[in-house]
Amino acid sequence: MNTHERREKVARMSKSIFQYCLSRTSSYQESEDLSQEILLTLCESIENLRDEKAFYAFVWRTADNILKGWYRNKDKRNTAELDDTISDNWWENFEAQAQENEQLALLTRELALLSSNYRRVMVAYYIDGLSVGDISARFSLTQSMVKYLLFQSRNRIKEGITMERNFGELSYRPVELISRSWGKFNIFHDMFKSRVKQNIVMACYYEKQTEEQISLQTGVPTAYLENEIAQLLEHELLLEKNGYYLSNIVIVTQKIMNEIYEAHKASIHETAELIRSFIDSSIDDVRAVGFYGSDMPLNSMKWFLVSQLLHLAYIDFLQEKLTFGDRDSYPEDKFGQKGYRWLSEKSEYHDIYMFRTSRRDDSEKADIVLWDVDVNGEPVCLKMNKLHETMLIELLTEQPSSESDKLICAELLNNNFAIKTDTGIQPNFPCLTVEQTSKLGDLIVPVAQEICSQALVRLDGIKRIMAEHTPDHLLDYAEKVAPGEILPETSAVMRELCESGWLLPLTRGMLATTVMFRAD
């Protein structure tokens, strides 16, 4: 047997060598590395073999030496010894050992897929070594129930190890869902900070699933699903019947959002054109109102008016025309939280035109309305707190005198909320008096109302598309939350205005999309 034939023979043994490594390390990756090292060493040294009859002994002695070196490096002490008297067909025994290892892996897989009641009884009986009586006492079950669970578990595992199990798409491409609501739902928003909960409700959205099926869909062992499922059930975000779970919350997927946009992109373009045409023809009239900041650069003025028009149309006027505007009519959950809630799938691509809006209301002095768009940089509303808000309002009439006020002003300057001028520290965004607000309203309110009316025309189309992709038991609720999917149009409008070159990102100067409306 020449060197080439020996190397071919070694190559044919590669599968057995890998299985040998796998049986000793129980790590797929480490077994691959070890088997490659063994095969490389054999190919380099096999030409030195003088006795053909000792071929297999030479192979496995080499493998054993490399494995022992690996164990020493890993600070392990349990190594398998191979001696020179090993028979030529001894390596074939590794096929059987590997098969046993594979069966163990399958058993472990099926045990991980068992629901909690079945799994804990199996673990207690076969791993902890408890008797039926001990298990009965530990879990407050009758002995007949313990025997039943053991019998059913064994049958499920026997059936499962003969099946090819394929993890669902959520196991390798999990969704990320954003909690959406009209109303106040602190508990609800906290609930869906968990990606596991998000993917559980996604797995159970279109079809009811058992705990084992959810595990396969998500790739998460049932032991890690139990608490998540229990919390979703407690908050009525998941329904359960006869061991099957079904989502109880509307999910707006990326597919739905794409269909809504494609169906309405022509009319959204008309809205963008309406805004562009109005602002181009009204800049001078707006500047003539004379509010603090009315002399800002042209691009900043455009952002100021765009944010005001979109906020009026899609937040203020839309809520007035929809049931969302009547807080007394909001449905109430078991925790006393009132409103509508749903989930939207987050795109894997960051939308630079995504926006955040908030309103800070001190009715005796002023309102501060913030409209942040990612294309303009870090969101402002995430930095502003109550102390900042109070100080910004006070800066309109007086300068800081106490050390604490000066420290707050230092933070305002650092966050670009305020600037130093010849007259002292002043807010770094437009500020309007009551009279100026009224004059500006005369100019922009009619246009905002027209934008709102155009958006409402699209509502029936949004409801139809959502109904096509919503489970039957959630159709009524989907119709009620459908108006919430009008709001993403604002990102599409800003995208059109920016990508046409008419509107440019804000890079310096005033925070044009933050506005203070004075009440005095």
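Source: prediction; values computed, not measured.

Draft legend 1. The overall build of the chain, seen in detail. Counting its regular elements, the chain contains 21 helices and 11 strands. Within the chain, contacts between residues separated by at least 24 positions form 71% of all contacts whose residues are at least 6 apart in sequence. Within the structure as shown, the chain displays about 27,200 Å² of accessible surface, and the carbon and sulfur contribution to it stands at 48%.

Draft legend 2. View of the pairing of strand β7 (residues 366-373). Counting buried positions over the eight residues of β7 gives eight, a clear majority of the element. Two elements, β7 and strand β11 (residues 514-518), share five bridges in a ladder whose sense is antiparallel. Directly across from Asp-367, in β11, lies its bridge partner Phe-517.

Draft legend 3. Structural detail: the packing of helix α14 (residues 254-287) against helix α18 (residues 434-457). Packing of α14 against α18 brings their axes to within 11 Å, and their N-to-C directions diverge by 180°. Viewed along their axes, α14 and α18 adopt a mutual orientation that is roughly antiparallel. Here Thr-271, Leu-274, Ile-275, Phe-278, Asp-285 and Val-286 of α14 come into contact with α18, specifically with Leu-440, Leu-443, Ile-444, Val-447, Glu-450, Ile-451 and Gln-454. By residue class, the composition of the contact of α14 with α18 is nine nonpolar, two polar and two charged.

Draft legend 4. Up close: the packing of aromatic side chains. Applying the stated criterion across every chain, the model contains four aromatic pairs. Geometrically, the ring pair formed by Tyr-205 and Tyr-206 is edge-to-face, given 4.8 Å between the ring centres and 75° between the ring planes. Both rings, one in Phe-291 and one in Phe-304, keep their centres 5.2 Å apart while their planes meet at 40°; by these two values the pair is tilted. Here Phe-304 lies in helix α15 (residues 298-321) and Phe-291 lies in the loop between α14 and α15, a separation of 13 residues in the sequence. Note on accessibility: Phe-291 and Phe-304 belong to one class, buried.

Draft legend 5. Summary view of the environment of Leu-343. Tracing the backbone through its elements, the reader meets Leu-343 in strand β5 (residues 339-345). Here Leu-343 falls in the buried class, since its relative accessible area comes to 0%. Contacts of Leu-343, omitting those with residues within four sequence positions, involve Leu-177, Ile-178, Ser-179, Phe-188, Phe-192, Val-201, Ile-249, Val-250, Ile-251 and Val-252.

Draft legend 6. Looking closely at the nonpolar core. In terms of nonpolar packing, the biggest core is built from 91 residues, with Phe-304 and Met-466 touching the most fellow members. For Met-466, the contacting residues outside a window of four places in its chain are Val-250, Val-252, Ile-256, Ile-260, Ala-478, Val-481, Ala-482 and Glu-485.

Draft legend 7. Local environment of the environment of Gln-198. Mapped onto the elements, Gln-198 comes out in helix α11 (residues 195-203). Judged by its relative accessible area of 3%, Gln-198 is buried. The spacing of Gln-198 and Leu-343 is 145 residues in sequence and 8.9 Å in space, taken between C-alpha atoms. Apart from residues lying up to four places away in sequence, Gln-198 is in contact with Val-175, Glu-176, Leu-177, Phe-192 and Lys-193.

Draft legend 8. The arrangement of unusual backbone geometry in detail. For Glu-236, which is not glycine, the phi torsion reads 60° and is therefore positive. In this fold, Glu-236 is placed in the loop between α13 (226-234) and β2 (238-241). The backbone of Asn-242 sits at a positive phi, close to 55°, despite the residue not being glycine. Along the polypeptide, Asn-242 turns up in the loop between β2 and β3 (244-247). When its relative accessible area of 68% is taken as the criterion, Asn-242 is described as exposed.

Draft legend 9. Representation of the sheet that holds strand β4 (residues 251-252) within the structure. Spatially, β1-β5-β4 is the arrangement adopted by the three strands of the open sheet, whose pairing is mixed. At either end of the open sheet lies a strand with only one pairing partner, and these are β1 (177-183) and β4. One ladder, built from two bridges, connects β4 with β5; its direction is parallel. Note on β5: the bridge partner recorded for Ile-251 is Leu-343.

Draft legend 10. The environment of Thr-397, seen in detail. Checked against the element boundaries, Thr-397 lands in the loop between α16 (386-394) and α17 (403-414). Exposure remark for Thr-397: the relative accessible area of 59% places this residue in the exposed category. Residues Thr-397 and Gln-426 lie 29 residues apart in sequence; the distance between their C-alpha atoms is 9.8 Å.

Draft legend 11. Seen up close, α17. Spanning 12 residues, α17 covers 17 Å between terminal C-alpha atoms, matching the ideal 16 Å at 1.5 Å per step. Where α17 is concerned, the buried positions are Asp-405, Ile-408, Cys-409 and Leu-412. One face of α17 carries all of its buried residues, which in axial projection span an arc of 100°. Away from the buried face of α17 by more than 90 degrees, exposed residues Glu-403, Leu-407 and Asn-414 are located. Here the buried face of α17 lies against α16, β8 (418-421) and β9 (424-427). Two residues or fewer past α17, Asn-416 is found with a positive phi of approximately 70°.

Draft legend 12. Structural view of the packing of α11 against α13. Close contact between α11 and α13 brings their axes to 10 Å; oriented N to C, the two are set at 70°. Taken together, the axis directions place α11 and α13 in an arrangement best described as roughly perpendicular. For α11 against α13, the interelement crossing comes out right-handed. Only Glu-228, Ile-229, Gln-231 and Leu-232 of α13 make contact with α11, whose side of the interface consists of Val-196, Lys-197, Ile-200 and Val-201.

Draft legend 13. Local environment of the pattern of salt bridges. By the definition in use, this model includes 18 salt bridges. Note that Glu-228 and Lys-197 form a salt bridge whose closest N and O atoms lie 2.7 Å from each other. Within this pair, whereas Glu-228 is found in helix α13, its partner Lys-197 is found in helix α11, the two being separated by 31 residues in sequence. A residue is classified by how much of its surface remains accessible, and Lys-197, at 6% relative accessible area, is buried. Across the pair Arg-359 and Asp-367 runs a salt bridge whose closest N-O atoms are separated by 3.6 Å. With a relative accessible area of 44%, Arg-359 lands in the partly exposed category. Salt bridges linked by common partners bring Glu-176, Arg-195 and Lys-346 together as one network.

Conventions and cut-offs
- Residues numbered from 1 in each chain as written.
- Predicted model: local features only at pLDDT ≥ 70, side-chain atom pairs only at ≥ 80, totals over all residues.
- Heavy atoms only, no water.
- Helix = DSSP H or I, 4+ residues; strand = E, 2+ residues; numbered from the N terminus.
- Contact = heavy atoms within 4.5 Å.
- Areas by Shrake-Rupley, 256 points an atom, 1.4 Å probe, with all protein chains shown as cover.
- Buried < 20%, exposed > 50% of the residue type's maximum accessible area, 1.4 Å probe, protein only.
- Pairing = 2+ DSSP bridges.
- Axes fitted to C-alpha atoms, helices over the stretch in contact; angles between N-to-C directions.
- Parallel < 35°, antiparallel > 145°, perpendicular 65-115°, else oblique.
- Nonpolar A, V, L, I, M, F, W, Y, C, P; charged D, E, K, R; others polar.
- Phe/Tyr/Trp six-rings, centres within 6.5 Å; stacked < 30°, edge-to-face > 60°.
- Core = buried A, V, L, I, M, F, W, Y, C linked by side-chain atoms within 4.5 Å.
- Expected span 1.5 Å × (residues − 1).
- Arc of directions from axis to C-beta.
- Left-handed = near helix turned anticlockwise from the far one by under 90°.
- Salt bridge = Lys/Arg side-chain N within 4 Å of Asp/Glu carboxyl O.

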